[in-house]
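Chain and residue survey
Chain by chain, the residues run as shown.
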Amino acid sequence: VQLQAYGGGLVQAGGSLRLSCAASGRIFSDRAMGWFRQAPGKEREFVAAISRSGAATRYAESVMGRFTISRDNAKNTAFLQMNNLKPEDAAIYYCAVHSMGLLLRPFNDGEYKFWGQGTLVTVSS
């Protein structure tokens, strides 16, 4: 499975961005998906995850109410809509394919088998 994350860029605080993650291979629709991020000098952290059907989602507390994860299995693509962005949201954002279809320990990056290369989000204050 190959993942291509894109949609990052520079945005002012309070603005919005929509990240996309395009996946190759038929495995995409069978697995949960997640978004993680890593800011300079910090550990990679969980942002959001979605089950294979899209019926279940999980969010980090820091983004709840501002970010929305979704997916289109017909297009092998996952999305992360980010609204009301804050300077602390600036990071490289990575998408990842979970080892299962359900959201088993979605916060744990060890549960994800495949990772994209990341897309940079910069938020100016």
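Everything discussed here concerns the structure shown above.
Not measured: the values here are computed from a predicted model.

Another aspect to go through is the pattern of salt bridges. Evaluated as defined, the whole model comprises 5 salt bridges. Linking Arg-37 and Asp-89 is a salt bridge whose minimum nitrogen-to-oxygen distance equals 2.9 Å. Taken together, the residues span a long stretch of sequence, with Arg-37 in strand 4 (residues 33-38) and Asp-89 in the loop between strand 8 (77-82) and strand 9 (91-98) at a distance of 52 residues. Considered together, Arg-37 and Asp-89 belong to a single accessibility category, that of buried residues. One salt bridge in this structure joins Asp-109 and Arg-44, with 3.2 Å as the shortest N-O distance. Of this pair, Asp-109 sits in the loop between strand 9 and strand 10 (112-115) while Arg-44 sits in the loop between strand 4 and strand 5 (45-50); the two residues are 65 residues apart in sequence, bridging distant segments of the chain.

This part is about the nonpolar core. Core analysis: the largest hydrophobic core is formed by 36 residues, its most contacted members being Met-33, Trp-35, Val-47, Phe-67, Leu-80, Met-82 and Tyr-93. Among the elements of the structure, strand 1 (3-6), strand 3 (17-23), strand 4, strand 5, strand 7 (67-72), strand 8, strand 9 and strand 11 (119-124) are those that each provide at least two residues to this core.

Here we come to the side chain of Thr-77. Tracing the chain through its elements places Thr-77 in strand 8. Taking relative accessible area as the criterion, Thr-77 reaches 8% and is therefore assigned buried. Discounting chain neighbours no more than four positions away, the residues touching Thr-77 are Ser-20, Cys-21, Ala-22, Phe-28, Arg-71 and Asp-72.

It is worth spelling out the state of the cysteines at this point. Following the criterion strictly, the structure yields 1 disulfide and no others. Here Cys-21 connects covalently by a disulfide to Cys-95, the sulfurs 2.1 Å from one another. Its torsion about the S-S bond being 65°, the disulfide of Cys-21 and Cys-95 is classed as right-handed. Here Cys-95 lies in strand 9 and Cys-21 lies in strand 3, a separation of 74 residues in the sequence. Taking relative accessible area as the criterion, Cys-95 reaches 0% and is therefore assigned buried.

What counts and how
Residues numbered from 1 in each chain as written. Predicted model: local features only at pLDDT ≥ 70, side-chain atom pairs only at ≥ 80, totals over all residues. Heavy atoms only, no water. Salt bridge = Lys/Arg side-chain N within 4 Å of Asp/Glu carboxyl O. Helix = DSSP H or I, 4+ residues; strand = E, 2+ residues; numbered from the N terminus. Buried < 20%, exposed > 50% of the residue type's maximum accessible area, 1.4 Å probe, protein only. Core = buried A, V, L, I, M, F, W, Y, C linked by side-chain atoms within 4.5 Å. Contact = heavy atoms within 4.5 Å. Disulfide = S-S within 2.5 Å.

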